[in-house]
Amino acid sequence: MMRGSKVAGARGAWRLTLVGGLALTMLAPEAWAQQPGRRRRGGGAEAAPIEITAEQTAQLTRIANDRKLNFDDLMAAAKTFMPSGRHDEYVLFASGGQSGQIFAIGVPSMRLLRSIAVFTPESWQGYGFGGDTDPVRERLRINGRDVQWGDTHHPALSETKGDYDGQFLFIGDKANARLGVIDLRDWETKQIVKNPLTLSSHGAAFVTPNTDYIIEGGQYPTTLGSSYAPISEYKEKYRGMVTMWKFDRMKGRIDESQSFALELPPYWQDLADAGKLASDGWFFVNSFNTEMATGGIEDGNPPFEAGASKRDMDYLHIVNWKKAEAAFKAGKAEMINGFPVLRLSTLASEGIMYFAPEPKSPHGVDVTPNGQYMVVAGKLDPHVTVYSMEKIKKAIADKAFSGTDDFGIPVLNFDAVMEAQVELGLGPLHTQFDDKGYAYTSLFLDSAVARWSLGGEYDALNDDRPWKLVQKTPVQYNIGHLCAAEGDTVSPDGRYLISMSKWSVDRFLPTGPLLPQNFQLLDIVEPGTTMPVIYDSPIGVGEPHYCQMIKADKLQTWTVYPEVGWDPHTQAISPNAPKSGQEGVTRNGSQVLVNMTAVRSHFVPEHVVVNEGDTVTWRITVVETAQDATHGFCIGGYNINLSMEPSEYLEFTFVADQPGTFPFYCTEFCSALHLEMAGYLYVKPKDAGAQAPAEGSEAVASGSK
C-alpha cells in the first residue's frame, strides 16, 4: 500500500508513505538538479537523477516487509551500498591482530579490498615463499629462529604537516617488537626492523607530523637488551622504553643508524600520540602499573590485574622529542645491545621528559586536531581527562611540580595542567575527532560510542555546550579502538566512524566457538544526537585492534609497475631482469642461473634441468603490461610460490636437494590458456651418472616470443 503527497516548500518533491508508516521522499529531475553534492565524489560524470515510480515504490515496500526492514534499515543500505564499478570514498587500513597482517577495507561499502602481508607469510601474494633470498623474509628470523607470525596492533599512515599524504604505512608487531614499512604505491612490505632493546612492544606505530620519526612505545618492561634478571630486581633492572625510528622518505626506509631510544621507568607504557601544531615537537605516552606490581599468584601474591590497579593516578609521559633528538645528536646516548639509548638521568637533566598524573589505568592518549589538548581515557574511571598544552608549557616554565617519581622525573601539578574532565560512561578507552567540534570516545564496558563537545576554539562549531556528553550510540559489543575519517589528523573529515567491536555474539551466523570480531560503521555527518550504526561487518581473520581511514583520492597507487623489469624491493628497474630473447639456463659448477620471462600464456623456458645438490637462482621478468593481468609461479614440493604483477621482476634461490620431476605452473587464472602456462623442473639424482647439461641459449631462444 502506498500514498503520495507533495512536500511543502520542495519544488518537484513527493513524499511516499509506505505500509507501516515508512516514508520516502523522491525528487523530480529539476528539483534534484538543485541539490548540493549531486556530483559523484572522486568521479567525473554526474549521476542521473533518481525517479522512483509508484510500481518501484510498491516493490520496495514489499521487499521491506518481506525482510522485516524498517526505514532506518533502508536508509543504512542506501548510505553504504556501492554499485558495481563505483569506488569507495575512503580506505580503512586496519591491523590484523594475530594474523600479523593489515586489512584494507573500503568505506562506506565495508568491502575487504586487500590483505597486506607484513609479519606472516602469505601464499596468495607469494610473500615468504620466494626462497632464501627474499629480502623481507630475512627479517622474519629472530635470533636465528623463524618467527612466522606477528601481532599487529596500530597502523600509522605517513603524514605531511599533520595530514595523511598516502605515501607509506607503518605497523608494529607487539609480540616480537618489530616494525614494518609498507609502500602504498604497490601496497607491499618493504622493510621490517627488529627492536634490539626489548622482546615486545605495544605502542607502535605513531608518526610525527612530517614523518621524521616513527614512535614505538613498549609495554611490558624487561631488561633493556633482554638479558636475564630475576623479578626480585624489577625496580633496579627492569625498564620501559620508547624508540624513535628515523624515517628516510626518499629511500622509503627506516634509517636504523639515525634512530635512538629513551629509557623509561618500569611502568607499563601503553599508547602514544605525537603533538601537532600547538604541541608540535612533543609526544605523549600513557602508562599504567605505576605501582610496579610484579604479580606472582603462584607464590600467593596479588595477580597483576589487582596489583596494577591500586593507585588512583598513573603517569602521562610528556616528551620533548626535539630536545631528545638534539641530545642524541650531541652524543649523550649510551649504547645498549648496539643501540643508542638516552638514560633516565639524561631525560631529567636535559628537560626532555615530564610526568602528569592521569586517572586511572589509562589505555589511550589522543591529541586534538589543533594540537592544543591531549585527551586521556582511564579504563577504570568514567571520565576523560583533557590536558592543555598551553598549561603544560606554563607549568614547566613555572616549575609547577608536585615532586618527582622514584626515578627523578618531574611530576607536573595535576590542577596546573588539566583543562577539563568529562564524564562519559564505563570503560572509556580511545578518542577520535571530527570537523564539527566533537570528540568520540569508545566505552568498552558500556558497549557504546560517546560523542562529546570540545571547548576552546571548537566551541563555535556546534550548538552544544563545551566539554559535555552529547550522545551515546550502542554498538555490539565491547568496543576497543575506534576510527573516524581522517580523525587523528589536523583536518578530520567527520563523515564516518568505525567501531572496532571485540565481541559479535549474536550479530552473525555462528562459525563455531570462535566468532568474528565486528566492525560497525557509524554515520556521524549530522551534529547533535544523531549518529546511527549503518553497517555491521564481520572480520573473520585475527583480532584487529586499530585502524586509520584515509581519503581514497590521496592514494597514488600503481596499477602496473612503471617499467618492465621493475624490482619492487628497490622500486627501480633491476639490471638482472631477463629480457625477451635472452632467456636460458647457465651453469657455473654447482651454481645454476635460470633466466625466465612470463606472459600470457607461457613461460620461457618451459624445461629446466639441474642436478641434485645444485644451488639454483631463478630470475623472472613479467613482460605482461596489461592492468590486472597477474600471473603466479610455483614449484610444488619446494615451497616456492610467487605472485607476479604486470612488469615485475622477481628472483629466488633454493637448493635442489630433492630429485624428481616437478611441474611448475601459473597459480593465477590469467587467460583462457591459463592451464597451459606450465613447465617442468627436472632434478637429476646424484647417482644418475653424467652431469645435467646446461640449457643452451639456442634451444631456448627458439621458443621465445
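Calculation criteria
Residues numbered from 1 in each chain as written. Predicted model: local features only at pLDDT ≥ 70, side-chain atom pairs only at ≥ 80, totals over all residues. Heavy atoms only, no water. Helix = DSSP H or I, 4+ residues; strand = E, 2+ residues; numbered from the N terminus. Contact = heavy atoms within 4.5 Å. Areas by Shrake-Rupley, 256 points an atom, 1.4 Å probe, with all protein chains shown as cover. Lys, Arg positive; Asp, Glu negative; His and termini not counted. Charge placed at Lys NZ, Arg CZ, Asp CG, Glu CD. Expected span 1.5 Å × (residues − 1). Buried < 20%, exposed > 50% of the residue type's maximum accessible area, 1.4 Å probe, protein only. Arc of directions from axis to C-beta. Pairing = 2+ DSSP bridges. Axes fitted to C-alpha atoms, helices over the stretch in contact; angles between N-to-C directions. Salt bridge = Lys/Arg side-chain N within 4 Å of Asp/Glu carboxyl O. 1 Å grid on protein atoms, 1.4 Å probe; cavity = no way out; pocket = protein on both sides within 12 Å on 5 of 7 lines; lining within 4 Å. Points joined across faces, edges and corners; volume = space filled by probe spheres on them. Nonpolar A, V, L, I, M, F, W, Y, C, P; charged D, E, K, R; others polar. Phe/Tyr/Trp six-rings, centres within 6.5 Å; stacked < 30°, edge-to-face > 60°. Polar contact = N/O pair within 3.5 Å; in protein donor to acceptor, adjacent residues only side chain to side chain.

## Some details on the overall build of the protein chain
Stage number 1. For the protein chain, the helix and strand inventory stands at 10 helices and 49 strands.
Stage number 2. Viewed in the frame of its principal axes, the protein chain has a C-alpha envelope of about 85 × 80 × 45 Å.
Stage number 3. Pairs at least 24 residues apart make up 61% of the contacts formed inside the protein chain by residues separated by at least 6 positions.
Stage number 4. Of the roughly 29,700 Å² that the protein chain leaves accessible, carbon and sulfur atoms contribute 52%.
Stage number 5. Side-chain charges in the protein chain split into 63 positive and 85 negative, and the spacing between the mean points of these groups amounts to 4 Å.

## Let's talk about helix H2 (residues 54–66)
Stage number 1. Under the 1.5 Å per step criterion, the end-to-end length of H2 is 18 Å for 13 residues, consistent within 8% with the ideal 18 Å.
Stage number 2. All of the buried residues along H2 are Thr-57, Thr-61 and Ala-64. Projection of H2 onto a plane perpendicular to its axis shows the buried side chains occupying an angular sector of 65 degrees, all on one side. Across from the buried face of H2, at angles greater than 90 degrees, the exposed residues are Glu-55 and Asp-66.
Stage number 3. One or two steps after H2, the chain reaches Lys-68, where phi turns positive at roughly 55 degrees.

## Section: the pairing of strand E49 (residues 678–684)
Stage number 1. Here E49 shows one buried face, formed by Gly-679, Leu-681 and Val-683, and one open face, formed by Ala-678, Tyr-680, Tyr-682 and Lys-684.
Stage number 2. For strand E43 (residues 607–611) and E49, the ladder comprises five bridges, and the chain directions are parallel. Counterpart to Val-608 in the pairing with E49 is Leu-681.
Stage number 3. With six bridges joining them, strand E48 (residues 660–665) and E49 adopt antiparallel strand pairing.

## Observations regarding the sheet that holds strand E23 (residues 362–367)
Stage number 1. Spatially, four strands are ordered E23-E24-E25-E28 in an open sheet, and the strand pairing comes out antiparallel. Each edge of the open sheet carries a strand with a single partner, namely E23 and strand E28 (418–423). Shown here is a sheet whose adjacent strand axes are inclined to one another by a mean of 20 degrees, direction ignored.
Stage number 2. Note: strand E24 (residues 373–378) against strand E25 (residues 383–388), five bridges, orientation antiparallel. From the neighbouring strand, Val-375 faces E25, where its bridge partner is Val-386.
Stage number 3. Against the sheet, helix H8 (residues 389–398) engages E24, E25 and E28, with an angle of about 60 degrees to E25.

## Remarks on the environment of Lys-323
Stage number 1. Along the polypeptide, Lys-323 turns up in helix H6 (residues 321–329).
Stage number 2. Between the C-alpha atom of Lys-323 and that of Pro-221, which follows or precedes it by 102 residues, the distance is 24 Å.
Stage number 3. Filtering out sequence-adjacent residues up to four positions away, Lys-323 remains in contact with Glu-350, Gly-351 and Ile-352.

## Description of the pattern of salt bridges
Stage number 1. Summed over all chains, the structure comprises 30 salt bridges.
Stage number 2. Note that Glu-89 and Arg-495 form a salt bridge whose closest N and O atoms lie 3.1 Å from each other. One end of the pair, Glu-89, is in the loop between helix H3 (71–80) and strand E4 (90–95); the other, Arg-495, is in the loop between strand E33 (479–484) and strand E34 (496–501), with 406 residues separating them in the sequence.
Stage number 3. Notably, a salt bridge pairs Glu-543 with Lys-502, separated by 3.4 Å at the nearest N-O pair. Pair noted here: Glu-543 is in the loop between strand E36 (533–539) and strand E37 (547–551) and Lys-502 is in the loop between E34 and strand E35 (517–523), with a separation of 41 residues, a long-range link.

## What about the layout of surface pockets?
Stage number 1. Each pocket or cavity is described by its volume, and for the second largest pocket that value is around 550 Å³.
Stage number 2. Forming the walls of the second largest pocket are 27 residues, and the residues nearest its centre are Asp-270, Phe-288, His-363, Lys-379 and Leu-429.
Stage number 3. For the lining of the second largest pocket, the secondary structure elements donating two or more residues are strand E17 (268–274), helix H5 (304–307), strand E29 (428–433) and E33.
Stage number 4. Classifying every residue of the lining of the second largest pocket gives nine nonpolar, 12 polar and six charged.

## Observations regarding the sheet that holds strand E5 (residues 102–107)
Strand pairing in a sheet takes place through backbone hydrogen bonds and is either antiparallel or parallel in direction.
Stage number 1. Reading across the sheet, the four strands line up as E6-E5-E4-E37 and stay open at both edges, with antiparallel pairing between neighbours. Each edge of the open sheet carries a strand with a single partner, namely strand E6 (112–116) and E37. Between one strand axis and the next, the sheet turns through 20 degrees on average, direction left out of account.
Stage number 2. Sheet topology note: the E4/E37 ladder contains five bridges and is antiparallel.

## Some words on the packing of aromatic side chains
A ring pair, where both rings are aromatic, is described by two values, the distance of the centres and the angle of the planes.
Stage number 1. This structure, assessed with the given rule, holds 33 aromatic pairs.
Stage number 2. For the pair Tyr-213 and Phe-260, a centre-to-centre distance of 5.9 Å together with 80 degrees between the ring planes defines the contact as edge-to-face. One end of the pair, Tyr-213, is in strand E14 (residues 213–217); the other, Phe-260, is in strand E16 (residues 253–264), with 47 residues separating them in the sequence.
Stage number 3. Using a relative accessible area of 1% as the deciding quantity, one classes Tyr-213 as buried.
Stage number 4. Judged by centre distance (6.2 Å) and plane angle (75 degrees), the rings of Tyr-267 and Phe-407 are edge-to-face.

## Here's the deal with H6
Stage number 1. Inspection of H6 places Trp-321, Ala-324, Glu-325, Ala-327 and Phe-328 among the buried residues, and these make up the whole buried set. Taken down its axis, H6 places every buried residue within 160 degrees of arc, on the same side.
Stage number 2. Of the surrounding secondary structure, the elements contacted by the buried residues of H6 are E14, strand E15 (240–248), E16, strand E18 (282–288), strand E19 (314–320) and strand E21 (339–342).
Stage number 3. The distance from a side-chain oxygen at the start of H6 to the backbone nitrogen of Lys-322 is 3.3 Å, and the residue carrying that oxygen is Asn-320.
Stage number 4. Gly-331 sits one or two positions beyond H6 and adopts a positive phi of about 80 degrees.

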